[in-house]
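Residue-level listing of the chains:
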Amino acid sequence: MLSPELGHYALALACVLAFAQAVVPLIGASTRDIRLLTLAPALALGQLLALLVSFLCLINAAVTDDFSVQNIVANSAVSKPLLYKITGVWGNHEGSVLLWILILGICGAAVAAFGRNLPGILRARVIAVLGIIAAGFELFCLTTSNPFARVWPAPMDGQGMNPLLQDPGLAFHPPILYTGYVGFAVPFAFAIAALIEGRVDAAWGRWVRPWAVAAWCFLTCGIALGSWWSYYVLGWGGYWFWDPVENASLIPWLTGTALIHSATVVEKRESLKIWTVLLAIATFSFSLSGTFLVRSGILNSVHAFANDPARGIFILALLALVIGGSLALFACRAPALTSGGFFAPVSREGALVLNNIFLCSICAVVVTGTMYPPFMSLLFDRTISVGKPFFDATTIPLALPLFIFMGIGPMLPWKRAQLWPVIQRLWITLILTGLAFAISLWGVAGVFPALSCGAAVWVILTSITDVTERIRLFRMPLSGSLQRARGLPRSVFGTALAHAGVGISVLGLAVMSQAQHKITEITPGTTQHLAGYDWTLEKVEQAPGPNYTAMTATVKVSRNGHLVAMMHPSRRSFNAQHQTTTEVSIHTNLLADLYCVLGDQHGTDANPTYVLRLHYNPLAPWMWLGALIMAVGGILSLSDRRIRVGAPRRAQSAARTVTSP
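Residues numbered from 1 in each chain as written. Predicted model: local features only at pLDDT ≥ 70, side-chain atom pairs only at ≥ 80, totals over all residues. Heavy atoms only, no water.

Next up on the list: the packing of aromatic side chains. Across all of its chains, the model carries 16 aromatic pairs by this definition. With centroids separated by 4.9 Å and ring planes inclined at 40°, the aromatic side chains of Trp-228 and Tyr-232 adopt a geometry described as tilted. Within this pair, Trp-228 and its partner Tyr-232 are both found in helix α9 (residues 202-233), separated by four residues, close to a single helical turn. Aromatic pair Phe-358 and Phe-405: ring centres 6.2 Å apart, planes at 20°, arrangement stacked. Of the two residues, Phe-358 is situated in helix α13 (residues 348-380) and Phe-405 in helix α14 (residues 388-408); the sequence distance between them amounts to 47 residues. We classify Phe-358 as buried; its relative accessible area is 15%. Residue class for Phe-405 comes out partly exposed when judged on its relative accessible area of 28%. Ring-pair connections join several aromatic residues into one group, and the members of that group are Trp-228, Tyr-231, Tyr-232, Tyr-595 and Trp-624. The residue whose ring lies beneath Arg-559 is Tyr-533, and the NZ or CZ to ring-centre distance is 4.6 Å. (Phe/Tyr/Trp six-rings, centres within 6.5 Å; stacked < 30°, edge-to-face > 60°. Helix = DSSP H or I, 4+ residues; strand = E, 2+ residues; numbered from the N terminus. Buried < 20%, exposed > 50% of the residue type's maximum accessible area, 1.4 Å probe, protein only. Lys NZ or Arg CZ within 6 Å of the ring centre and 35° of its normal.)

Printed below as a string of structure tokens:
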């Protein structure tokens, strides 16, 4: 039976196995004991099995309404729908930490199962580093955030879940986002293993890159889902508010993107070794720091799960151990890493270095804007707000040159290149980009949005041009171009798709800045006008829900006398939590969103008035479409066996000291 006690014992067993996983492989690697090395995969798989049992026990307690468990009392109720009883398991502090640990266990088991082509010592050390991290977080879960803590006497019903989190998006956003966060633990473990061994080569770059790309895909999807959740659940009409917890996910995404590109240079040219190792450490360190910020009580956010500084002290100590220890190891061992081949400033390597510089500069700006207010409050007891104007004014000037080099970089050869031949191949793209910028200046208000539109078009067109140049489209018979396309690595198409996705998202962001909105208070039967549309409030009705009562409006939207959409925004009142939420109504044609929010009721029952917030958001869907295309590009790259499996034969044989078990 999946009882809470079994879940607690399974979690404790996982912690013991994690400590063994952290110690035994390191001893085996230092003594070259093949028996101890062989234990590493078994310990990782055993830990994952124990964590699965523990997590299933917590889900069972939620589904069966076991209100003798404190976590279930605080976050569930009998009337809560089954879907949200399950997803609510990770919609709170204790459950989210357990999910975080479970995903880390999956990563360790994945290295054990799919790392058979790795040198035995390297795989053992990677698994050991993952075991150290898992042991720390499992100890944190057992001592300060036990999801199976009992309460007595058990109440008849629970307090229910935060209504804002009772949304289908919650079923996907946290697990996908956490997989992105935790997935970067694998490149981190590879970096630590390389520092211990004192060697980074092309094989190491090839082994690291698939794990980094996979984590990046999950983090991209997780951030996009969180942005979409903010857009249609919060009802504020926006998609990104530079919230500190939002920034906590953006920061590792930026350094993770830099890591993917620098790992490519390590693989192809055996250059940027020290920088790539540092990026692997920094990316996972930022992921851990985001965990600390959300759960320490330092940040106040609609996304934050906990406000218990005592838990933050434990995580801060864990951060000091993991991040401080890894940076200390880096300081001691990095000088021993030999430098690779040299390259000219004008080359693909040079473009990737510039790519890294701009990505890390944007990251530094976001870190500064996010951490400056809490540090000012802590050190000088001054309250400072850093918001959208600061981030827009500081990140956009850094992003624009980044987009320029994104377009040029893939078309430059390795080691040494000349810029003029590349420009000659891009002359049509340059003309079309200039035309797009001119149109943007005419149709978009503001210089930065117009420049962003031009840069977005440039990135999209150069991605297309890169592929067409490789297959010599229009320069040879179509059959020959198709034959060349079939011979291209999938990673080429994946890179082009990912870059085009960035351009599509940026174009959506830039045009979305021209959105129009209107707040009005009207009676049923009244019509308002916005962006060429007629918005008529037809009626407002009361309707019961599973664990709430809803006030739903019917809004008719027409244009030039033709019906466009019937929209039904609503407000839900959750009696158990004494909280009201908005349910946004969105109608889209993929070129623009009509967005309607129902506000408060005023007046008398006989003659009521209602507040409506109306929005016209041009190209809003493109922001999330671009993110999806980015992730598809990453997945397509992973499907290339040359990227996903194996390593250069020469480098692989040189690196293999002990045969993989």
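Ranked by internal contacts, the top residues of the largest apolar core, which has 145 residues, are Trp-100, Phe-190, Trp-204, Val-277 and Phe-403. By size, the runner-up hydrophobic cluster in this structure holds 19 residues, among which are Leu-530, Ala-553, Leu-594 and Leu-598. (Core = buried A, V, L, I, M, F, W, Y, C linked by side-chain atoms within 4.5 Å.)

Let us now look at the packing of helix α8 (residues 185-197) against α9. Contact pair α8 / α9: the axes reach a minimum separation of 8 Å and the direction vectors enclose 160°. Judged on the interaxial angle alone, α9 and α8 are roughly antiparallel. In terms of crossing hand, the pair formed by α8 and α9 is left-handed. Where α8 abuts α9, its residues Val-186, Pro-187, Phe-190, Ala-191 and Ala-194 lie against Trp-204, Trp-207, Val-208, Trp-211 and Ala-212. (Axes fitted to C-alpha atoms, helices over the stretch in contact; angles between N-to-C directions. Parallel < 35°, antiparallel > 145°, perpendicular 65-115°, else oblique. Left-handed = near helix turned anticlockwise from the far one by under 90°. Contact = heavy atoms within 4.5 Å.)

A word on the confidence of the model for the protein. The pLDDT averaged across the protein works out to 87; a share of 93% of its residues lies at or above 70. Mean pLDDT per element in the protein: helix α22 (residues 649-655) is the minimum at 39, and helix α1 (residues 4-31) is the maximum at 95. The low-confidence segment residues 300-306, where pLDDT is below 50, has 27 contacts with residues more than four positions distant or belonging to other chains. The model gives residues 646-661 a pLDDT under 50, and that stretch makes 45 contacts with residues more than four places away or in other chains. (pLDDT = per-residue confidence, 0-100.)

Right, let's talk about the pattern of salt bridges for a bit. Using the criterion set out here, one finds 15 salt bridges in the structure. Glu-5 serves as the salt-bridge partner of Arg-150, at 2.7 Å between the closest nitrogen and oxygen. Here the residue Arg-150 occupies a position in the loop between α6 (120-144) and α7 (173-183), and Glu-5 occupies one in helix α1, the gap between them amounting to 145 residues. Of the charged contacts in the structure, one is a salt bridge between Asp-392 and Lys-388, with a shortest N-O distance of 2.5 Å. Here Asp-392 pairs with Lys-388, and both are found in helix α14, just four residues apart, close to one helical turn. A residue is classified by how much of its surface remains accessible, and Asp-392, at 22% relative accessible area, is partly exposed. Taking the relative accessible area as the measure of exposure, Lys-388 reaches 46% and is therefore partly exposed. (Salt bridge = Lys/Arg side-chain N within 4 Å of Asp/Glu carboxyl O.)

Note that the residue after Trp-152, namely Pro-153, is joined by a cis bond; omega there is 0°. Its location among the elements puts Pro-153 in the loop between α6 and α7. Positive phi, close to 70°, is recorded for Phe-474, a residue that is not glycine. Following the sequence through the fold, Phe-474 ends up in the loop between α17 (447-470) and α18 (478-487).

Looking now at the side chain of Ser-145. With respect to the helices and strands, Ser-145 occurs in the loop between α6 and α7. A distance of 2.8 Å separates a polar atom in the side chain of Ser-145 from a polar atom in the side chain of His-93. Setting aside anything within four residues of it in sequence, one finds Ser-145 in contact with His-93, Glu-94, Phe-140 and Arg-311. (Polar contact = N/O pair within 3.5 Å; in protein donor to acceptor, adjacent residues only side chain to side chain.)

What follows concerns the packing of α7 against α9. Axis separation between α7 and α9 bottoms out at 7 Å; the angle between their running directions is 145°. The chirality of how α7 crosses α9 is left-handed. Where α7 abuts α9, its residues His-173, Ile-176, Leu-177, Thr-179, Gly-180, Tyr-181 and Gly-183 lie against Trp-211, Ala-215, Phe-218, Leu-219, Cys-221, Gly-222, Ile-223, Leu-225 and Gly-226. Grouping the amino acids of the contact of α7 with α9 by side-chain chemistry returns ten nonpolar, six polar and no charged. (Nonpolar A, V, L, I, M, F, W, Y, C, P; charged D, E, K, R; others polar.)

Summarising the sheet, strand β3 (residues 533-544) and strand β4 (residues 549-559) pair through ten bridges and their orientation is antiparallel. Residue pairing for β4: Gln-542 is matched across the bridge by Met-551. Between β3 and β4, which follow one another and run antiparallel, lie four residues. Looking at chain direction, β4 and strand β6 (residues 570-574) are connected through four bridges and run antiparallel. Residue pairing in the sheet places Ala-550 in a bridge with Arg-572 of β6. Pairing between β4 and strand β5 (residues 562-567): five bridges, direction antiparallel. Residue Ser-558 lies in a different strand from β5, and its bridge partner there is Leu-563. Here β4 folds back onto β5 in antiparallel fashion, the turn holding two residues, of which Asn-560 has a positive phi close to 55°. (Pairing = 2+ DSSP bridges.)

Across four bridges, strand β8 (residues 585-588) lies against strand β9 (residues 592-603) in antiparallel orientation. Opposite Ile-586, over in β9, you have Tyr-595 as the bridge partner. Counting the residues that bridge the hairpin from β8 to β9 gives three residues, and of these Leu-590 lies at a positive phi of roughly 75°.

Next up on the list: the environment of Leu-590. Within the secondary structure layout, Leu-590 lies in the loop between β8 and β9. For the pair Leu-590 and Ala-620, spaced 30 residues apart in sequence, the C-alpha to C-alpha distance is 7.7 Å. Those residues in contact with Leu-590, other than ones at most four positions away along the chain, are Pro-621 and Trp-622.

This paragraph deals with the state of the cysteines. Evaluation of the coordinates by the stated rule reveals zero disulfides. Cysteine Cys-217 is unpaired, with the sulfur of Cys-221 as its nearest cysteine sulfur at 6.8 Å. (Disulfide = S-S within 2.5 Å.)

Now for helix α2 (residues 34-63). Residues spaced three or four apart along an α-helix point in a common direction, a consequence of the helix completing one turn every 3.6 residues. Along its 30 residues, α2 runs 45 Å from first to last C-alpha, staying within 8% of the 44 Å computed at 1.5 Å per residue. Ala-40 marks the point of greatest bend in α2, at about 25°, and the proline Pro-41 comes within the next four residues. Capping of α2 at its N-terminal end is provided by Asp-33; its side-chain oxygen lies 3.0 Å from the backbone amide nitrogen of Arg-35. (Expected span 1.5 Å × (residues − 1). Bend = angle between axes of the 7 residues up to and from the residue.)

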